[in-house]
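Letter by letter, the chains look like this.
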Amino acid sequence: MASMASANAKPGPVHLTEEQQKVVDDRMKILAPLMDCQHGRSALAAQIATQVNISEANVWRLYGLWKKGGPNALAPVPRKDRGCTRRFKDHPQLRKFATAKLYELGSIAAITRTIRREWGGPLLPCDDGSQPPSRDAISRFLANEISLSALDIARAPKQRWMAKHAPYLTTGRGEYTRPNEMWVGDHRIYDVLVMNDFFPEAGELAAIRLYETAVQDMRTRVIVGSVWSVNPSWKTIATALRQGISRFGMPESFYCDNGKDFRKVGSRAERNVVAEEENRMPGLLARLGIEVRYCTPRHPQAKQIESHFSIVSEEFDQALFLRHGYTGSKPGERPDFCREQEKQHKEFLAGKRRESPFYAASRFMQMHARWLYEFNHDRPHDGRGMKKRPPMEVLDELLPAAERQIPDMEKLEPLFWAVEKRIVSNCKVQLNNVSYSAALQDTDSQAAMHWANGKTLAVHCDPNDPSYALAFEDAPSGRLVARLVSDELAAQAPRSEDEIKGIFRQRARLYNAGRELAERALSGVPSEITLLERRGGIQPPAPPLSLPRRAAAAAPRECAEDFIERFRKVN
C-alpha cells in the first residue's frame, strides 16, 4: 500500500539539506506502521502519538503530507518571512537607503553606522519611536535583497565582473579537438626582476622583467613554442611559431588576442576576408596557410593559455622566486623584501656591493626551460580531456612522432620574413628605419630599381638579419624585382677612390641610359603641337638648308626590358 501511495504522489524536484533529510527520515520511521496498515488506523495513530509524544492530529497531518506529496513533503518548510525584519517591512525608505548604501560603501559595518546616524532624521523618519535595525538584521536583509553579481556590477570594473559573473560558452577544447587543430598564443610579463646580461636593447646589468611569447596546443596543452624578449612583437610570435612548426608540424588555426602584433601576423588570414580588405599586405599566418581567429576583446577567459600563465605565476614565479626578485602580480602587492633587493641592486651597480640579489636573465631563462620541460613531460594536467596525464604523453598518444608532418623549414623560412609595401625613391626603399638599395656589383638589380622609381614594391626582409632584403612586384605575378642590401651596413665598409668614382660613373650611366630611353620612346610619335598644326592645316617652317636632316629613328622597342639590357651591356 505504501508503494501504491508513493506511486500516486507526484512530488516536484526538491533539494533537501542534511538537516531536512534527517527530519524526513525520522518522520518516515514514525509513519511506517501507519503506511502499511489497512484496518484500524485510528487506534494505530493514537498509539503512535503516545509512543513519540506528539498529538494524534499531528500524526494525521504528517500522514496527509506524505500521501499528497511523498517523502519530500515531510521536510520542514522555512518561514516565508525568513531574512526579513519588521523594521525593513514597515519602512520602505529604509530598504531603499540600505540598498543604495550597499552599492556606495560595500561595508555592512559602515552601512550600520550610517543607518544609526540617520535614524529618525529626514532620510529615515521614524514616528513610532522604534530602534534602528541591528547589524545582523541589516546583513540578512541585504543578503536576500541584492545578489553578489548586482553588487559587483556597481563596484567592480567591467572586465572583472565579466570574468566572474557573465555566462560563457564552452569552446571546442579537450576531447572535442585534436592535436595541431588549433594553437593559441599570447605574451606574458613575468613577476620577477632579473639582472640583464642577455638583451642588448636593455641596459647592461639593469633590473628588468622579461616577457615570454608562448604558443600552446589547445588539445594537449603542450607549450610548442616559447620566446623571451624585453619588448614582445610580431617577431617573437613568428619565432615561437617557427619553433612549434619545426617540432610538431603545421597547425590548422591560430587563436590569439586583438593586439597590433597579432593583427599584423594575422592580416588576411581571417576566415572571411571582404573584397575591400584584399589589398592589405598578407601577414605571416596567411603566407603559411594558417587560419587566424581572434578572441573576445578584454575577456581573459577567452584564451586557454591564460590558465597556463596562472600555473606559471603560482608554481614558478611565486613558488621559486618569492625571495629572489618576486614583484607580486600588482604594484600594491610588491613584497617589502623586493624593495630592499632593488636598493641592494642599485648599490651593486654603484660598486658598493660585490653581488646583485637578482638572478641573471640567462640563468632565469635556463631555469624556466627546465621547468617548462617538466611541465610538458612530467606534470599531470587536470584540464578537460587530459585525465591527469602530462601534456606530452597525450600528444604522443594522439599524434605519434612518426605521424607528425614536419615541413621543409629551409623552404619555409622566407615566409617568416617581414613584408611591407614601400615606394621606391632615388632607387631606394625605407624599411624599419633602414635604407635599402641594390648592390654596386648587381647591375640587374640596379637597373630594375631605377626603373621602379615611384612605384610601390613589396619588400621582404628577414627580421633576424636586416642586412639584406628582396623587392617583389606588388602584383598578382609577384615577380622578383631586385635584391637589396642595407645602405647603413654598406656605408660602414671602407670606400676606395675607385669605388667612389664608380658610384659617380654609375649615376652618369643611369642618367644617359634613361635619357636615351626617353628619346626612343618619343621618336616616331608626333607631338601634341604637331597634331594641333595638322588639325589646323598649319604648315611647319622648312628647316635651314645649312643644317643636315637627321636620319629617321629606329622603331621603339619594349621599354623596360630594353633599358635593362642596354644598362647591362654598358656595365
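Residues numbered from 1 in each chain as written. Predicted model: local features only at pLDDT ≥ 70, side-chain atom pairs only at ≥ 80, totals over all residues. Heavy atoms only, no water.

Considering the overall build of the protein chain
Thinking step 1. Per the secondary structure count, the protein chain includes 23 helices and 13 strands.
Thinking step 2. Of all 571 residues assigned to the protein chain, the portion counted as buried reaches 40%. (Helix = DSSP H or I, 4+ residues; strand = E, 2+ residues; numbered from the N terminus. Buried < 20%, exposed > 50% of the residue type's maximum accessible area, 1.4 Å probe, protein only.)

Regarding the pattern of salt bridges
Proximity of charged atoms lets side chains of opposite charge pair with each other.
Thinking step 1. All chains considered together, the criterion is met by 19 salt bridges.
Thinking step 2. Across the salt bridge formed by Arg 404 and Asp 396, the nearest N and O atoms sit 2.6 Å from each other.
Thinking step 3. On the basis of relative accessibility, which here comes to 14%, the residue Arg 404 falls in the buried class.
Thinking step 4. A salt bridge links Arg 479 to Glu 473, with the shortest nitrogen-to-oxygen separation between them at 3.0 Å.
Thinking step 5. Arg 479 gets classed as partly exposed once you look at its relative accessible area, which sits at 48%.
Thinking step 6. One salt-bridge network, in which partners are shared between bridges, spans Arg 188, Asp 191, Arg 209 and Asp 317. (Salt bridge = Lys/Arg side-chain N within 4 Å of Asp/Glu carboxyl O.)

Things to note about the confidence of the model for the protein chain
Thinking step 1. In the predicted model, the protein chain carries a mean pLDDT of 81, and the fraction of residues at 70 or more is 77%.
Thinking step 2. Segment residues 1-9 is flagged for pLDDT under 50; beyond a separation of four residues in sequence, or across chains, it makes 14 contacts in the model.
Thinking step 3. Segment residues 545-558 is flagged for pLDDT under 50; beyond a separation of four residues in sequence, or across chains, it makes six contacts in the model. (pLDDT = per-residue confidence, 0-100. Contact = heavy atoms within 4.5 Å.)

Examining the environment of Ala 469
Thinking step 1. Its place among the elements puts Ala 469 in strand S12 (residues 468-473).
Thinking step 2. The class of Ala 469 is buried, set by a relative accessible area of 0%.
Thinking step 3. Not counting the four nearest positions on each side in its chain, Ala 469 is found in contact with Tyr 436, Val 459, His 460, Cys 461, Ala 482, Arg 483 and Leu 484.

Looking at the packing of helix H7 (residues 108-118) against helix H8 (residues 135-145)
Thinking step 1. Two numbers describe how H7 lies on H8: the axes approach to 10 Å, and their chain directions differ by 115°. Of the two possible hands of crossing, H7 and H8 adopt the one that is right-handed. Across the interface between the two elements, Ile 108, Ala 109, Ile 111, Thr 112, Ile 115 and Arg 116 from H7 touch Arg 135, Ile 138, Ser 139 and Leu 142 from H8.
Thinking step 2. Of the residues in the contact of H7 with H8, the class split is six nonpolar, two polar and two charged. (Axes fitted to C-alpha atoms, helices over the stretch in contact; angles between N-to-C directions. Left-handed = near helix turned anticlockwise from the far one by under 90°. Nonpolar A, V, L, I, M, F, W, Y, C, P; charged D, E, K, R; others polar.)

Notes on the packing of aromatic side chains
Thinking step 1. Under the criterion given, the structure shown has 15 aromatic pairs.
Thinking step 2. Residues Phe 198 and Phe 199 carry aromatic rings whose centres are separated by 5.0 Å and whose planes lie at 75° to one another, so their mutual orientation is edge-to-face.
Thinking step 3. Geometrically, the ring pair formed by Phe 321 and Phe 364 is tilted, given 5.1 Å between the ring centres and 55° between the ring planes. Separated by 43 residues along the polypeptide, Phe 321 in helix H14 (residues 305-321) and Phe 364 in helix H16 (residues 361-377) bring together distant segments of the chain.
Thinking step 4. Among the aromatic residues, those joined into a ring-pair cluster are Tyr 190, Trp 228, Phe 316, Phe 321, Tyr 359, Phe 364, Trp 371 and Phe 375. (Phe/Tyr/Trp six-rings, centres within 6.5 Å; stacked < 30°, edge-to-face > 60°.)

Looking at the nonpolar core
Thinking step 1. Among the nonpolar cores identified, the biggest contains 30 residues, and Trp 183, Leu 241, Ile 245, Phe 254, Leu 285 and Phe 416 are the most heavily contacted of them.
Thinking step 2. Broken down by secondary-structure element, the contributors of at least two residues to this core are strand S5 (223-229), helix H11 (234-248), strand S6 (253-256), helix H12 (260-265), helix H13 (284-288), strand S7 (291-294), helix H17 (391-398) and helix H18 (409-412).
Thinking step 3. Tallying contributions element by element places H11 first for this core, with seven residues.
Thinking step 4. Dropping the residues within four chain positions of it, Ile 245 is found in contact with Trp 183, Met 250, Pro 251, Leu 288, Ile 290, Ile 406, Pro 407, Met 409, Leu 412 and Phe 416.
Thinking step 5. The next biggest cluster of nonpolar side chains, apart from the first, holds 28 residues, and it includes Met 182, Ala 361, Leu 372 and Phe 375. (Core = buried A, V, L, I, M, F, W, Y, C linked by side-chain atoms within 4.5 Å.)

Considerations on the side chain of His 460
Thinking step 1. Within the secondary structure, His 460 sits in strand S11 (residues 456-461).
Thinking step 2. Judged by relative accessible area, which is 17%, His 460 ranks as buried.
Thinking step 3. Residues in contact with His 460, not counting those within four places in the same chain, are Trp 417, Ala 418, Val 419, Ala 469, Leu 470 and Phe 472.

A look at the sheet that holds S7
Thinking step 1. Across the sheet, which stays open at both edges, the five strands sit in the order S5-S4-S1-S6-S7 with mixed pairing between neighbours. Sheet topology places S5 and S7 at the edges, where each strand pairs with a single neighbour. With strand direction ignored, the average angle separating the axes of adjacent strands in the sheet is 20°.
Thinking step 2. Judged from the four bridges that link them, S6 and S7 form a sheet pairing that is parallel. Within S7, the position partnered with Ser 253 by the bridge is Glu 291.
Thinking step 3. Its contacts with the sheet place H14 against strand S1 (182-189), strand S4 (211-217) and S5, and it is angled at close to 45° to S1. (Pairing = 2+ DSSP bridges.)

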